[in-house]
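The residues making up each chain are set out below.
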Amino acid sequence: MKFKNKGRKIYKTKEKNYYGKSPVGKAFSIGLTLLLVGGIFFIGFSVAGPLINYYSKKTGDTVTTTSPVFEEEVVTDENGEQIVQEDTTAAAPFVIERFKAFSLNTADLTDSSTLKSALKRVPADGKIEYIEVPLKVSGGEIYYATNNYYATSSGIVNGSMRAKDIASAISSAGYKPVALVSTFDDSVVPMYFQNMSYLAYVDGTLWIDNSLEAGGRPWMNPFSEAAVNYNADIVDEITSAGFDRIVCSDFVFPDFRQSDIEFLGDKYAASDRYMALTSAANLMYDKAMHNNSKMLLEVNASDILRGKKDVLQPMLLKVNTVVLNIDLDAISYGVYTADTVYEFSGTPAENVKKMLDLLGEDLDEFNVAVRVSGSAAGVQELLDAKDEIVECGYDSYVIG
């Protein structure tokens, strides 16, 4: 089939004539255009602004500008599998510091020659780095030449060596010096300065934990500001003398009976009484840190087993290392609770393992060092107990 060639069509339009405007007309036209555009913008902003503000107030939202969001580039390998790139900005892993120490006794602090002789008996195979010395012991006695007014006035200073000389002697022997300080198990200073002791709620009479005939004694009160400051001053004095560490113990309350609470007041049996202990511990921690030293908190294993663990409040304490003291002498007669008797009749190593099995969960939130103490056990028995500590998964320990 053929298509007929009709030729090209030509469309004509009627031609229009455009005449140029005069200069005045051009100027008038341009001005009118600018005025019209400006008016549109003015009206737009005048209307849009109030509407946006009104909407924001009604919805409670604010109008903000946002940066463009770019999708994270997915990196794949040759098989098309996504490659997870390592985040190099992540924090460094928490490192638990190991604490391996040997503890001397008060008789070793008689003079410099006695101390040097004591340092020679530190077991060479114990991998010992720190040496502990008892400078303030349970009961309140002090075994260094302190300048503290309350200590000297109470007649409790039994040592003649200065704290800095003790620290220097230990450092010279190649070890790091550590001071042991008991805090609120103190019965001497509160006798002379009764504002540091437990006093009767009604008339301010001095409280003692038993009758005088039965050996009753006063205790230092952690609710007393004077008592807290006294212990903090001792910590400050010792840590400023060059001790690398300080281990503070006896953050405890006496074993109150109901008659004692009636005598003293309900706050000593309140559920939040632990705050007096934790705040005192934090003050002492700050004193040690100020002197470029570190504080560790010692707790007694038999106390924890009997439920006396007021101070173990990980959310409140600045201290994160706890020394668990397993006193072999104290547990040899058994540990009695309200409904259970725990017997420890095995070897020192066996007794240590049994105690660690019983108390493991109580210290889960702390870095733990285990101390094995007691006069009845020999050095080799203590070393055997140390090996048991390591077998139980604890890298830090104190012998003696």
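Check the entry above for the structure.
This text gives an overview of the structure that appears in the document. (Residues numbered from 1 in each chain as written. Predicted model: local features only at pLDDT ≥ 70, side-chain atom pairs only at ≥ 80, totals over all residues. Heavy atoms only, no water.)

## Focus: the overall build of the protein
- Helix and strand counts for the protein stand at 12 helices and 10 strands.
- Counting the 400 residues in the protein, one finds 40% classified as buried.
- In the protein, the proportion of contacts linking residues at least 24 apart, taken out of those at least 6 apart, comes to 74%.
- Total accessible area computed for the protein in this model is approximately 24600 Å², and 53% of it derives from carbon and sulfur atoms. (Helix = DSSP H or I, 4+ residues; strand = E, 2+ residues; numbered from the N terminus. Buried < 20%, exposed > 50% of the residue type's maximum accessible area, 1.4 Å probe, protein only. Contact = heavy atoms within 4.5 Å. Areas by Shrake-Rupley, 256 points an atom, 1.4 Å probe, with all protein chains shown as cover.)

## Observations concerning the packing of aromatic side chains
- The final tally for this structure, using the stated rule, is 13 aromatic pairs.
- Ring centres of Y198 and W207 lie 5.6 Å apart, and the angle between their planes is 70 degrees; on these two criteria the pair is classed as edge-to-face.
- The rings of Y198, W207, F223, F253, F256 and Y268 are connected pair by pair, giving a single aromatic cluster.
- Sitting over the ring of F344, K354 keeps its end group 5.1 Å from the ring centre. (Phe/Tyr/Trp six-rings, centres within 6.5 Å; stacked < 30°, edge-to-face > 60°. Lys NZ or Arg CZ within 6 Å of the ring centre and 35° of its normal.)

## Describing a nonpolar patch on the surface
- Together, M275, M315 and L316 make up an exposed nonpolar region whose accessible area comes to about 350 Å².
- Mapped onto the elements, M275 comes out in helix α8 (residues 274-290).
- Judged by its relative accessible area of 46%, M275 is partly exposed. (Patch = residues over 30% accessible without salt bridge, like charges linked within 9 Å, V, L, I, M, F, W, Y side chains within 5 Å. Salt bridge = Lys/Arg side-chain N within 4 Å of Asp/Glu carboxyl O.)

## A word on the pattern of salt bridges
- In the structure shown here, the tally under the stated rule is 17 salt bridges.
- Across the pair D286 and K318 runs a salt bridge whose closest N-O atoms are separated by 2.9 Å. Placement of the pair is D286 in helix α8 and K318 in the loop between α9 (301-305) and β6 (321-327), with a sequence separation of 32 residues.
- Given a relative accessible area of 34%, D286 falls into the partly exposed group.

## Quick look at helix α2 (residues 112-119)
- Every buried residue belonging to α2 is among L115, A118 and L119, and all of these are buried. Seen end-on, α2 carries its buried residues on one side only, within an arc spanning 100 degrees.
- Packing partners of the buried residues in α2 comprise β2 (130-136) and α4 (163-172). (Arc of directions from axis to C-beta.)

## Description of the sheet that holds strand β3 (residues 176-182)
- Read around the barrel, 8 strands follow the order β1-β2-β3-β4-β5-β6-β9-β10 and close on themselves; strand pairing throughout is parallel. Between one strand axis and the next, the sheet turns by 25 degrees as a mean value, whatever way the strands run.
- Two elements, strand β1 (residues 100-103) and β2, share 3 bridges in a ladder whose sense is parallel. Residue A101 lies in a different strand from β2, and its bridge partner there is Y130.
- Where helix α11 (residues 348-359) meets the sheet, its contacts fall on β6 and β9 (367-373), and the angle it forms with β6 comes to roughly 135 degrees. (Pairing = 2+ DSSP bridges. Axes fitted to C-alpha atoms, helices over the stretch in contact; angles between N-to-C directions.)

## So, the nonpolar core
- One finds I166, F251, M295 and I326 to be the most contacted residues of the largest nonpolar core, which totals 90 residues.
- Leaving out residues up to four positions away in the same chain, I166 has contacts with L109, L115, V133, L135, Y143, Y144, M161 and F243.
- Formed by 10 residues, the second largest nonpolar core is a distinct cluster that contains F99, A101, Y130 and V323. (Core = buried A, V, L, I, M, F, W, Y, C linked by side-chain atoms within 4.5 Å.)

Note that every value here comes from positions in space, so none of it alone points to a role or purpose.
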